[in-house]
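Residue-level listing of the chains:
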Amino acid sequence: MKKRPNGRSLRVMMLVHPTLVPPDDLTNNNDPRMEQYRTEYDVKQALLALGHEVRIVGVYDDLAPVRKTIEEWKPHIAFNLIEDFAGVSAFDYYMVSYLAMMKIPYTGCNPRGLLLARDKALSKKLLAYHRIAVPEFSVFPYGRPARPEPRMHYPVIVKSLTEEGSVGIAQASYVENAEQLRERVSLIHEKFQGDAIAEQYIDGRELYVTVLGNTRLQVLAIRELAFRQAAEGAPRMATYKVKWDPKYRERWGIDYQFATDLPEGLPDRINKLCKRIYRILDLSGYARIDLRLTPAGELYVLEANPNPGIARDEDSTLSAKKAGIGYKDFIRLILQLGLRAHARTAI
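Reading guide: rules and limits
- Residues numbered from 1 in each chain as written.
- Predicted model: local features only at pLDDT ≥ 70, side-chain atom pairs only at ≥ 80, totals over all residues.
- Heavy atoms only, no water.
- Helix = DSSP H or I, 4+ residues; strand = E, 2+ residues; numbered from the N terminus.
- Rg over C-alpha atoms; globule rule 2.2 N^0.38 Å.
- Buried < 20%, exposed > 50% of the residue type's maximum accessible area, 1.4 Å probe, protein only.
- Contact = heavy atoms within 4.5 Å.
- Areas by Shrake-Rupley, 256 points an atom, 1.4 Å probe, with all protein chains shown as cover.

Description of the overall build of the protein
Logical step 1: Summing up its helical and strand segments, the protein has eleven helices and 13 strands in all.
Logical step 2: Since a compact globule built from 347 residues should have a radius of gyration of about 20 Å, the 20 Å found for the protein is in line with a globular shape.
Logical step 3: Seen through its principal axes, the protein has C-alpha atoms that stretch 60 × 45 × 45 Å.
Logical step 4: Classification of the 347 residues of the protein by burial places 50% in the buried group.
Logical step 5: Considering only intrachain contacts with a sequence separation of at least 6, the fraction spanning at least 24 residues in the protein is 69%.
Logical step 6: Just so you have it, the protein exposes about 17200 Å², and 49% of that area is on carbon and sulfur atoms.

Written as structure tokens, this is what we have:
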């Protein structure tokens, strides 16, 4: 691979799912197709506005198109928007592992960080070892009958061990007894053909914290998923409908917003905690840490999300804007972090 040119222009290979390659005629923000391609479109437009050349490569389970692009076009960096490989989200580290072997710098998280963070049980074990509070949990392996532990504390949330983006999470994921748990675990096994995890439900405020960096870390403004109209005692969860359906959120008084009225000293605690989590899980580039703040002021780590959404209206992007980082500069920063992290591997 050729070294980065002295000028500001780079050849950027954008890696996306093959169904998310935005069509060339998609230029109107009111185009009904825009919703499907929002992230890919926003990132591409920002890269072009920064003066870079962009070539989009769709990747499912075949690395041949990536290799061909590397050999023929010689990109300076890959902008990685891949969230799975061969349809399996836990295999997303395959893509960056291949890029590392090909000595191509890439944006976002490294393979080990992806591997550690995507497994919700493994990441919790690592954090608990470092005395960071996480919900109690049990894993139910695929292919085996669900046998709840007698000491399990209900209620719990049942979900896929490795799926991201609230996939598979619904109101029925909140279970209050062993019979409900067995039913939900069976559904997860059947639907995703993989392991399920049951996590202790932690009542409280749900906070999202974006961290940027490789060695030197920057923590951005705290976001919150606010449930303004939730009934007393009703579970407050980021279900798939909550995350992806704006009309549903509007109907039920749910909103993503910047966290306000946090107790004195808490933002500093969260800042330090999220940096610790980021380093323990060996994350790099950018990530979002999901937390629960209990009424008693306790912080629990729900999960860490490497390579979170970076469309113009995503939490991480809005937190960057709050810090004075406009969208183009945010994409520029992600590129720079990728180039710096892999400068020694580039040839």
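From this point on, the discussion continues.
As for unusual backbone geometry
Logical step 1: Following Tyr154, the chain continues to Pro155 via a peptide bond in cis, the omega torsion being 0°.
Logical step 2: Of note, the phi angle at Lys103 is positive, near 60°, even though the residue is not glycine.
Logical step 3: Within the fold, Lys103 resides in the loop between helix H3 (93–101) and helix H4 (111–118).
Logical step 4: For Lys103, a relative accessible area of 38% gives the class partly exposed.
Logical step 5: In this model, Ser166 sits at a positive phi of 65°, which is unusual for a non-glycine residue.
Logical step 6: Structurally, Ser166 is set in the loop between strand E5 (156–160) and strand E6 (174–175).

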